[in-house]
Structure formats: structure tokens, C-alpha cells
Amino acid sequence: MTAPIWLLGCGHMGGALLARWLAEDMGPVAVIDPNPRLLPDGVEASAVPPDGRPDVLVLAVKPQVWRAAAAPLLAQIGPMTLVVSVMAGVTTADLAAAFPGAAIIRAMPNTPSAIGQGVTALFTTAGDLAEGAGEALFSAAGATVWLADEGDFDAVTAVSGSGPAYVFAFIEALAAAGVAAGLAPVLADRLARATVTGAAALAAAEAAVPAAELRTRVTSPGGTTAAGLAVLQPGLAPLVAATVSAAAARSRALG
Ligand SMILES: NC(=O)c1ccc[n+]([C@@H]2O[C@H](COP(=O)([O-])OP(=O)(O)OC[C@H]3O[C@@H](n4cnc5c(N)ncnc54)[C@H](O)[C@@H]3O)[C@@H](O)[C@H]2O)c1
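Everything numeric here is computed off the predicted structure, so don't read it as measured data. (Residues numbered from 1 in each chain as written. Predicted model: local features only at pLDDT ≥ 70, side-chain atom pairs only at ≥ 80, totals over all residues. Heavy atoms only, no water.)

Some thoughts on the UniProt feature "domain: Pyrroline-5-carboxylate reductase catalytic N-terminal" (unreviewed entry) in the protein chain
Inclusion rule: UniProt positions are given in the numbering used here, feature names are shortened, and annotations may be inferred rather than shown by experiment. In this description a helix means any DSSP run of H or I spanning at least four residues, a strand means any run of E spanning at least two, and both kinds are numbered starting from the N terminus.
Sites flagged by UniProt as "domain: Pyrroline-5-carboxylate reductase catalytic N-terminal" (unreviewed entry) map to residues 6–89. Along residues 6–89 one finds 20% helix and 20% strand; the C-alpha atoms at either end are 21 Å apart.

Some words on the UniProt feature "domain: Pyrroline-5-carboxylate reductase dimerisation" (unreviewed entry) in the protein chain
UniProt's feature table lists "domain: Pyrroline-5-carboxylate reductase dimerisation" (unreviewed entry) at residues 150–253, given in the numbering used throughout. Here residues 150–253 is 83% helix and 0% strand, with 15 Å between the C-alpha atoms at its ends.

Details of the site of the ligand
Filter applied, for reference: Distances are taken per atom, and a residue is near a molecule or strand as soon as one of its heavy atoms is within 4 Å of it. A 3.5 Å cut-off defines polar contacts: any pair of N or O atoms within that distance qualifies, except that in protein one atom must be a possible hydrogen donor and the other a possible acceptor, and neighbouring residues in sequence count only when both atoms are side-chain atoms. In short, Shrake-Rupley with a 1.4 Å probe defines the accessible areas, and a residue's cover is counted only from the protein chains shown. Grid spacing is 1 Å over the protein atoms alone, the probe is 1.4 Å, and a cavity is where that probe fits but cannot get out, while a pocket is an open set with protein on both sides within 12 Å along at least five of seven lines and lining residues have an atom within 4 Å of a point. Throughout, a molecule is located in a cavity or pocket provided that more than half of its atoms lie within 2 Å of its grid points. When residues are sorted by character, Ala, Val, Leu, Ile, Met, Phe, Trp, Tyr, Cys and Pro go into the nonpolar class, Asp, Glu, Lys and Arg into the charged class, and all the rest, Gly among them, into the polar class.
Among the 23 residues in the neighbourhood of the ligand, the closest are listed as His12, Met13, Asp33, Arg37 and Val61. One of the side-chain nitrogen or oxygen atoms of Asp33 is found 2.7 Å away from an oxygen atom of the ligand. Asn35 is positioned with one of its backbone polar atoms (N or O) 3.0 Å from an oxygen atom of the ligand. When the ligand sits alone it has 820 Å² of accessible area, and the protein chains cover 81% of it. Among the cavities detected, the one that contains the ligand is the second largest pocket. Partitioning the shell around the ligand into residue classes produces 15 nonpolar, five polar and three charged.

Comments concerning the pairing of strand S8 (residues 142–146)
We apply this condition: Note on pairing: DSSP must find at least two bridges between two strands before they are called paired. Viewed with both strands pointing away, a crossover whose connecting path from the first strand over the helix to the second turns clockwise is right-handed.
Here five bridges tie strand S7 (residues 118–124) to S8, and the two strands are oriented parallel to one another. Note on S8: the bridge partner recorded for Thr120 is Thr144. Note on the crossover from S7 through helix H4 (residues 128–139) to S8: the handedness is right-handed.

Describing H4
We apply this condition: Every helix has an expected span of 1.5 Å times one less than the residues it contains. Throughout this description, buried means an accessible area under 20% of the type-specific maximum (1.4 Å probe, protein chains only), exposed means over 50%, and partly exposed covers the range between. What the arc measures is the spread of directions leading from the helix axis to the C-beta atoms.
Over its 12 residues, H4 extends 16 Å from the first C-alpha to the last, a length consistent with the 16 Å expected when each residue adds 1.5 Å. All of the buried residues along H4 are Ala130, Gly134, Leu137 and Phe138. Looking down the long axis of H4, one finds its buried residues gathered within 85° of arc, a one-sided arrangement. Within H4, the exposed residues directed more than 90 degrees away from the buried face are Asp128 and Leu129.

Here's the deal with the sheet that holds S7
Note the following rule: By the convention used here, residues are in contact when the closest approach between their heavy atoms is within 4.5 Å. Each axis is a line fitted through C-alpha atoms, taken for helices only over the stretch in contact, and angles between the N-to-C directions span 0 to 180 degrees.
The eight strands lie next to each other as S3-S2-S1-S4-S5-S6-S7-S8, forming an open sheet whose pairing is mixed. Two strands bound the open sheet, and with one partner strand each, they are strand S3 (45–46) and S8. Pairing of strand S5 (residues 82–85) with strand S6 (residues 103–108), which is carried by four bridges, proceeds in the parallel orientation. Paired with Val84 across the strands is Ile105, a residue of S6. Helix-sheet contacts for helix H1 (residues 12–23) involve strand S1 (5–8), strand S2 (29–32) and strand S4 (56–59), and the interaxial angle to S1 is about 155°. Lying on the sheet, H4 is in contact with S1, S4, S5, S6, S7 and S8; it crosses S8 at an angle near 150°.

Thoughts on the packing of helix H6 (residues 163–180) against helix H7 (residues 185–205)
How we decide: Should an angle fall under 35 degrees it is called roughly parallel, over 145 degrees roughly antiparallel, and 65 to 115 degrees roughly perpendicular, with every other angle called oblique. Note on convention: near helix rotated counterclockwise from far helix by under a right angle means a left-handed crossing. Clockwise means right-handed.
Taken N-terminus to C-terminus, the directions of H6 and H7 make an angle of 140°; their axes are 8 Å apart at the nearest point. By the angle class used here, H6 and H7 are oblique. Judged by the twist between their axes, the crossing of H6 over H7 is right-handed. For the pair formed by H6 and H7, the contact residues are Val167, Phe170, Ile171, Leu174, Ala175, Gly178 and Val179 on the first element and Pro185, Ala188, Asp189, Ala192, Arg193 and Val196 on the second.

What about H6?
Its 18 residues place the ends of H6 26 Å apart at the C-alpha level, agreeing with the 26 Å of an ideal helix rising 1.5 Å per residue. Among all positions in H6, only Gly163, Pro164, Ile171, Ala175 and Gly178 are buried. Buried residues of H6 fall within an arc of 125° about the axis and therefore sit on the same side. Opposite the buried face of H6, by more than 90 degrees, sit the exposed residues Glu172 and Ala180. Considering only its buried residues, H6 is in contact with helix H5 (153–161) and H7. Remark: Gly182 follows H6 within two positions and exhibits a positive phi of approximately 115°.

Observations concerning the environment of Leu187
Of note, Leu187 is situated in helix H7. Taking the relative accessible area as the measure of exposure, Leu187 reaches 39% and is therefore partly exposed. Sequence-wise, Leu187 and Leu8 are 179 residues apart; in three dimensions their C-alpha atoms are separated by 40 Å.

Now the structure itself:
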């Protein structure tokens, strides 16, 4: 008997989601990937699709290769299959054209999903049953947000899909600055990681408090933080705006 969920592409994103589905006993999952990058322990992958038909097909290959990757299993996908894409830029119209009659969900998760701390934006016009299935799949990996407008995906991808990379880049920069200020690299890395994770946890715990207020609570008038922010803040907002704009433009181009 075929597994109810097929995962096409088990790399950084597909592997993160698979880890959560296994942890939440949502399997069995058939993994289709000739060269899986992130296969959880005890799971096997196949280069070719299994026999039969899945209830759910999750597309987690790169947007540039999805049509070729999906070609071998197109005949096995029909109106009873829910097709879920996590691919940047690929629209539900593209997916509906490739999988005629199937229910389609478009989703944009992020890699903290691997530890159940992701956030996934979702969109479907396929109705309540599809929404329920999408909610179950992605709430296993963290928070979910349903979009009313598919057009929001480019900006969502640029903010929360790519966003973890911006935060990791900030950790790298903070640690490098610590080394430049005289700290040993191991100490600077430890301080930078713990500061970002601690600040993020505080922002989550104090969800009702604006981020600007949390910032003010660190900033003594005439103190060290004020001196640092006077350098950081004027450039930060335009830099982040340009960053998100470039990522959103790339999402549109991938589509
Ligand atoms: N990495 C992220 O943070 C992230 C976040 C949200 C969405 N996404 C989306 O997830 C998708 C995958 O991204 P990723 O970062 O996991 O990439 P990845 O390179 O880590 O994984 C892609 C996987 O696809 C496999 N693959 C390639 N050709 C295949 C084929 N013909 N058949 C089956 N599998 C094949 C590769 O072997 C690899 O394991 C992309 O569409 C991306 O837009 C990624």
C-alpha cells in the first residue's frame, strides 16, 4: 500500500518539515529524491515515485526544476490528491495547470520549522477540507498564517521565508564585530548567538509589548546602547527595506 503523503524533494526545507511530520506521527511519508540533502534517521528515499496515488503530494524541490521533477508522477495525481507547494515564486495557477483537477495549497514555511518554531504562510482556494489538511501539516512545524491574497507571497517570502538568513547574517556580523573589538572568536560567537536567541525569546514572551519599547528598555539615556544605536539605526531601516525588496523581486522573477 502506498504512503498517504509523498514528499518530492528532501533538502533543507522538505527535510525540516518531514522531521516534524515524523515527530507528530503524521506519516508514513514516501520520500522521492535521488540525492536527499537532509534525510531524517531511519527514513529511506527513492529516486522514483512509488506505485499508486498519494493523498497529499508535497513539492519541496527548487522552483527551477519542479516541472522536470514532477513529470514522472504527473499521471498518478488526480482530483483526489492535495498538492502542496512550498516553492518560492510558483503560483497556484502554474500548479493547477500542471495538476489538473487537484486541490492546491501554496505555502511558504521557513527553516525554524525543523524544531517546531517555524512560521508558514498558506493560501488555497480549494475549500475547508484542503485548509484543514494544510493546517495540520504546517501547524506541526510552528505557527501558521492564512493569506487572503496570493499576491502577498512575494513579500511574505522576502520577510519570513528568507528572514532566518538575515538573522543568521546578523549573528555573523555581531560576532565578527566582537572579534574586531578584541574578543576571542569562540566567545564572540557564543555571545552573539545567545544575545539573538535571548532577545527573540523575550520578544515572543512579551508579544504585547512593541519591539520599540523592548529596545528602549535596553537603552539608558547617554549610555552605551544609545551610542551604538546612533550608528546602527539610520542605516538599518533602509538597508532592510532594500533587502526585502530585492528578495521579493527575486520571488516574482522565479514565478
Ligand atoms: N530553504 C529554505 O529556507 C526555504 C524556505 C521556504 C521555502 N523553500 C522552498 O523549498 C524548496 C526547496 O528548497 P531547499 O532549500 O530545501 O533546497 P535544497 O537544495 O536543500 O533541496 C532540494 C532537494 O530537491 C532534490 N531534488 C532535485 N531534483 C530532484 C528531482 N528531480 N526529484 C526529486 N528531488 C529532487 C535535491 O536532491 C534536494 O535534496 C524551494 O522551492 C524553496 O523555494 C525553502
